[in-house]
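One letter stands for each residue in the lines below.
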Number of protein chains: 2
Amino acid sequence: MRSSPVSGALHSLSKPEPHSSGEGRVLEHLRSASGTCLHVIDPYKTRLGEAIEKARALEDLGFPLLILGSTDYCDFEQHVPRFVEALKDAVAIPVVLHFPPRPGRGFPVADEADAVLFTAVLNSSRTYFVWRSYLETLTALARRHPAPLRLPEFLFTAGMTFRPDPVSGAAVGAVPSDETPAALETYASVITTVGFDLVYLYSRHEHVPVELCESLRRRVGPDPLMVASGGVRSRDQIDAYLRAGVSFVAFGGALETPDWRTVLRQLAGRRDR
Amino acid sequence: MRSSPVSGALHSLSKPEPHSSGEGRVLEHLRSASGTCLHVIDPYKTRLGEAIEKARALEDLGFPLLILGSTDYCDFEQHVPRFVEALKDAVAIPVVLHFPPRPGRGFPVADEADAVLFTAVLNSSRTYFVWRSYLETLTALARRHPAPLRLPEFLFTAGMTFRPDPVSGAAVGAVPSDETPAALETYASVITTVGFDLVYLYSRHEHVPVELCESLRRRVGPDPLMVASGGVRSRDQIDAYLRAGVSFVAFGGALETPDWRTVLRQLAGRRDR
């Protein structure tokens, strides 16, 4: 515990702490794997057989985990848990869910997943998507009969979307994040004061600017893990993000092609073989 | 949903929304009762019989609810639930818990309480007390066998303590809140971005400055309910806080005297009878 008074920008408050309840394994694993890539499989765009092949390829290439995610989803219960179970059977790396919450239901949870990105969309116009959804999710879980035998780890994630994106607007009330220095300073204060584990930066139709990542990293300090995602199509882009202080560069659509094995090896920096 | 881009200070994000899961009754009740007093009964300093008498007196005076709280508590399970049950039998106003979380256990919860102040201590040096404790509490609830039949409503509360306070330091890692305008602006950004329902301002050994309440209210806008507490001993103080935009003035120790009925009527502004 620190005893010094709070500094103006509150940046000193976000010291990560060991989890005290047996949680935290996926987070620790992620911390140890900083500087790599992540792939997001959309189970509504990828057949299960292909998802399994991709998961094995990712594991072989040393990807630290596998993200299953989709902004537009339906029949989660009928569709996603069987993906999670099949992927868990196929690979040893953690399977992490990244789906938006829905009012009245909260975040969808497949019990067998290793972790769930509990995303507070800082640029949402609706407090539900900032964090009221957390409570709804967890009170729903608390009321389940019978109680779940296990629960995924919940990763505190500050989400921010950049540039016009009507899909994210409809799904989570996102209005494009303000990219001015003053706004970044405010976002950084929120991130460090609250102590998010992860910051997930996303641009659906453009790119998260590399300079913005650099500026935000400088403001939040070294602790929070930072993911940049959206429109990633080249190894050079990935390297630029990593040099800017991004912890992980995530790509999804890049592998939604029959030629995904070649693309994956290129993005993973394995041009040599 | 708003479609305008986020403004620099992010103040536009905190629009309260109707709760979608049957939650929110205590919050709605509180919103309708703004401009009044609250009393905090410490069940470790007050005998149950006296607590019941006080609860009845508060209800008669139109207090909107009753807070049970203590910074230093032990044997919560053996002690507090029986207070809650007895008080619920005695009065119709909601009974709300205000206890700090403890690492490894989270917030203590008595199922029969109407609400729990889920306090994120913004000036804590430990992220556990900002909001990691939320998750610990709720995953513990989710794992309970059998599942609880009912759960209290959780009120999203931003807590801030002012001026040196070793007890809050030891209990929740609180370092005195920075009172500079720049720090207040940052705190306000956190409060409005996250969309807290309540802001609970507390000074254990001094007073929360009235001008600070006014300044913070101006920065956070009209939405979050604001409680000022600590060292409240006169009706003039209460009136000054209410004029400064505070929603509720809370007092505890003021009634820890045999003469509490007289003090209560004075503080409640009933000098006339």
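Below is a short write-up of the structure.

Criteria and thresholds
Residues numbered from 1 in each chain as written. Chains lettered and ligands numbered in written order. Predicted model: local features only at pLDDT ≥ 70, side-chain atom pairs only at ≥ 80, totals over all residues. Heavy atoms only, no water. Axes fitted to C-alpha atoms, helices over the stretch in contact; angles between N-to-C directions. Helix = DSSP H or I, 4+ residues; strand = E, 2+ residues; numbered from the N terminus. Parallel < 35°, antiparallel > 145°, perpendicular 65-115°, else oblique. Left-handed = near helix turned anticlockwise from the far one by under 90°. Contact = heavy atoms within 4.5 Å. Nonpolar A, V, L, I, M, F, W, Y, C, P; charged D, E, K, R; others polar. Pairing = 2+ DSSP bridges. Core = buried A, V, L, I, M, F, W, Y, C linked by side-chain atoms within 4.5 Å. Buried < 20%, exposed > 50% of the residue type's maximum accessible area, 1.4 Å probe, protein only. Phe/Tyr/Trp six-rings, centres within 6.5 Å; stacked < 30°, edge-to-face > 60°. Lys NZ or Arg CZ within 6 Å of the ring centre and 35° of its normal. Disulfide = S-S within 2.5 Å. Arc of directions from axis to C-beta. Lys, Arg positive; Asp, Glu negative; His and termini not counted. Salt bridge = Lys/Arg side-chain N within 4 Å of Asp/Glu carboxyl O. Polar contact = N/O pair within 3.5 Å; in protein donor to acceptor, adjacent residues only side chain to side chain. Right-handed = clockwise from strand over helix to strand, strands pointing away.

**Focus on the packing of helix α4 (residues 127-142) of chain A against helix α4 (residues 127-142) of chain B**
Stage number 1. Where α4(A) meets α4(B), the closest approach of the two axes is 7 Å, and the angle between their N-to-C directions is 20 degrees. One way to sum up the angle between α4(A) and α4(B) is to call them roughly parallel. At the point where α4(A) passes α4(B), the crossing takes the left-handed sense. Between α4(A), through W131(A), Y134(A), L135(A), L138(A), T139(A), L141(A) and A142(A), and α4(B), the contact on the second element is made entirely by W131(B), Y134(B), L135(B), L138(B), T139(B), L141(B) and A142(B).
Stage number 2. Counted by class, the contact of α4(A) with α4(B) contains 12 nonpolar, two polar and no charged residues.

**Overview of the sheet that holds strand β5 (residues 153-161) of chain B**
Residue and element names in this part refer to chain B.
Stage number 1. Around the barrel, which closes on itself, the eight strands sit in the order β1-β2-β3-β4-β5-β6-β7-β8 with parallel pairing between neighbours. On average, each strand axis in the sheet is inclined to that of its neighbour by 30 degrees, with strand direction left out of account.
Stage number 2. Pairing of strand β3 (residues 95-98) with strand β4 (residues 115-121), which is carried by two bridges, proceeds in the parallel orientation. Bridging from a neighbouring strand, L97 pairs with V116 of β4.
Stage number 3. On the sheet, helix α7 (residues 210-220) packs against β5, β6 (198-202) and β7 (225-229) and is oriented at approximately 165 degrees with respect to β7.

**Description of the nonpolar core**
Stage number 1. Membership of the largest hydrophobic core comes to 152 residues, with the highest contact counts inside it found for F196(A) and F196(B).
Stage number 2. Setting aside chain neighbours within four positions, we find F196(A) in contact with A120(A), L122(A), Y134(A), F156(A), T157(A), A158(A), V190(A), I191(A), P224(A) and W131(B).

**Overview of the packing of aromatic side chains**
Stage number 1. The tally for this structure, following the rule as stated, stands at 20 aromatic pairs over all chains.
Stage number 2. Plain terms: the ring middles of F63(A) and F251(A) are 6.1 Å apart, the flat faces sit at 80 degrees to each other, and that makes the pair edge-to-face. With F63(A) in the loop between α2 (48-60) and β2 (66-69) and F251(A) in strand β8 (residues 248-251), this pair connects stretches of sequence that are 188 residues apart.
Stage number 3. According to the relative accessible area criterion, F63(A) is buried, its value standing at 5%.
Stage number 4. Taken together, the ring pairs in this structure connect F107(A), F118(A), Y134(A), F154(A) and F156(A) into an aromatic cluster.
Stage number 5. Over the face of the ring belonging to Y73(B) we find R102(B), whose NZ or CZ atom lies 3.8 Å from the ring centre.

**A few points about the state of the cysteines**
Stage number 1. Enumeration over the complete set of coordinates arrives at zero disulfides over all chains.
Stage number 2. Just so you know, C37(A) is unpaired, no disulfide at all, and the nearest cysteine sulfur is the one on C213(A), 14 Å from it.

**With respect to the sheet that holds strand β6 (residues 198-202) of chain A**
Residue and element names in this part refer to chain A.
Stage number 1. The strand order around the closed barrel formed by eight strands is β1-β2-β3-β4-β5-β6-β7-β8, and the pairing between neighbours is parallel. When the angles between neighbouring strand axes are averaged without regard to direction, this sheet yields 30 degrees.
Stage number 2. This element, helix α8 (residues 235-243), spans β1 (36-41), β7 (225-229) and β8 of the sheet and lies at about 145 degrees to β8.

**Side note on helix α1 (residues 25-32) of chain B**
All names here are of chain B.
Stage number 1. The set of residues buried in α1 consists of V26, L27 and L30. Taken around the axis of α1, the buried residues stretch over an arc of 100 degrees, which confines them to a single face. Summarising the geometry of α1, the exposed residues directed more than 90 degrees from the buried face are R25 and S32.

**A word on the side chain of R217(B)**
All names here are of chain B.
Stage number 1. Relative to the elements of secondary structure, R217 occurs in helix α7.
Stage number 2. D223 provides the closest opposite charge to the buried, unpaired R217, separated from it by 7.4 Å.
Stage number 3. A distance of 3.1 Å separates polar atoms of two side chains, one belonging to R217 and the other to S247.
Stage number 4. Leaving out residues up to four positions away in the same chain, R217 has contacts with P222, D223, P224, L225, M226, A244, G245 and S247.

**A closer look at the pairing of strand β5 (residues 153-161) of chain A**
Look at any regular strand and the pattern is simple: side chains alternate between the two faces of the sheet.
All names here are of chain A.
Stage number 1. Counting buried positions along β5 yields nine of nine residues, so the element is predominantly enclosed.
Stage number 2. The pairing of strand β4 (residues 115-121) with β5 spans seven bridges and is classified as parallel. Bridging from a neighbouring strand, L117 pairs with L155 of β5.
Stage number 3. In the classification by handedness, the crossover that spans β4, the intervening α4 and the parallel β5 is right-handed.

**Describing unusual backbone geometry**
Residue and element names in this part refer to chain B.
Stage number 1. Phi angles above zero are rare outside glycine, and D75 is one such case at about 50 degrees.
Stage number 2. One can find D75 in the loop between β2 (66-69) and α3 (76-90).
Stage number 3. A relative accessible area of 52% places D75 in the exposed class.
Stage number 4. The residue R163 is not glycine, and still its phi comes out positive at about 70 degrees.
Stage number 5. Here R163 lies in the loop between β5 and α5 (166-172).
Stage number 6. Using a relative accessible area of 27% as the deciding quantity, one classes R163 as partly exposed.

**Looking at the pairing of β7(B)**
All names here are of chain B.
Stage number 1. A large share of β7 lies buried, amounting to five of its five residues.
Stage number 2. Side chains L225, V227 and S229 project from β7 onto one buried face, and the interleaved M226 and A228 project onto a second face that is buried too.
Stage number 3. Pairing of β6 with β7, which is carried by five bridges, proceeds in the parallel orientation. Paired with L201 across the strands is A228, a residue of β7.
Stage number 4. Handedness of the crossover is the feature at issue here: the chain leaves β6, passes through α7, returns alongside β7, and the resulting connection is right-handed.
Stage number 5. Two elements, β7 and strand β8 (residues 248-251), share three bridges in a ladder whose sense is parallel. If you follow V227 over to β8, its bridge partner there is F248.
Stage number 6. For the crossover from β7 across helix α8 (residues 235-243) to β8, the handedness is right-handed.

**As for the pattern of salt bridges**
Stage number 1. Considering all chains together, one arrives at 22 salt bridges over all chains under this definition.
Stage number 2. A salt bridge links K54(A) to E50(A); the shortest N-O distance between them is 3.0 Å. On the criterion of helical spacing, the pair formed by K54(A) and E50(A) is a turn pair, its members being four residues apart in helix α2.
Stage number 3. The partner of E28(B) in a salt bridge is R31(B), and the shortest N-O contact between them spans 3.1 Å. In this pair, E28(B) and R31(B) are both assigned in helix α1, three residues apart and thus about one turn of the helix distant.
Stage number 4. The exposure class assigned to E28(B) is partly exposed, which follows from its relative accessible area of 45%.
Stage number 5. Relative accessible area serves as the criterion here: at 27%, R31(B) is assigned to the partly exposed category.

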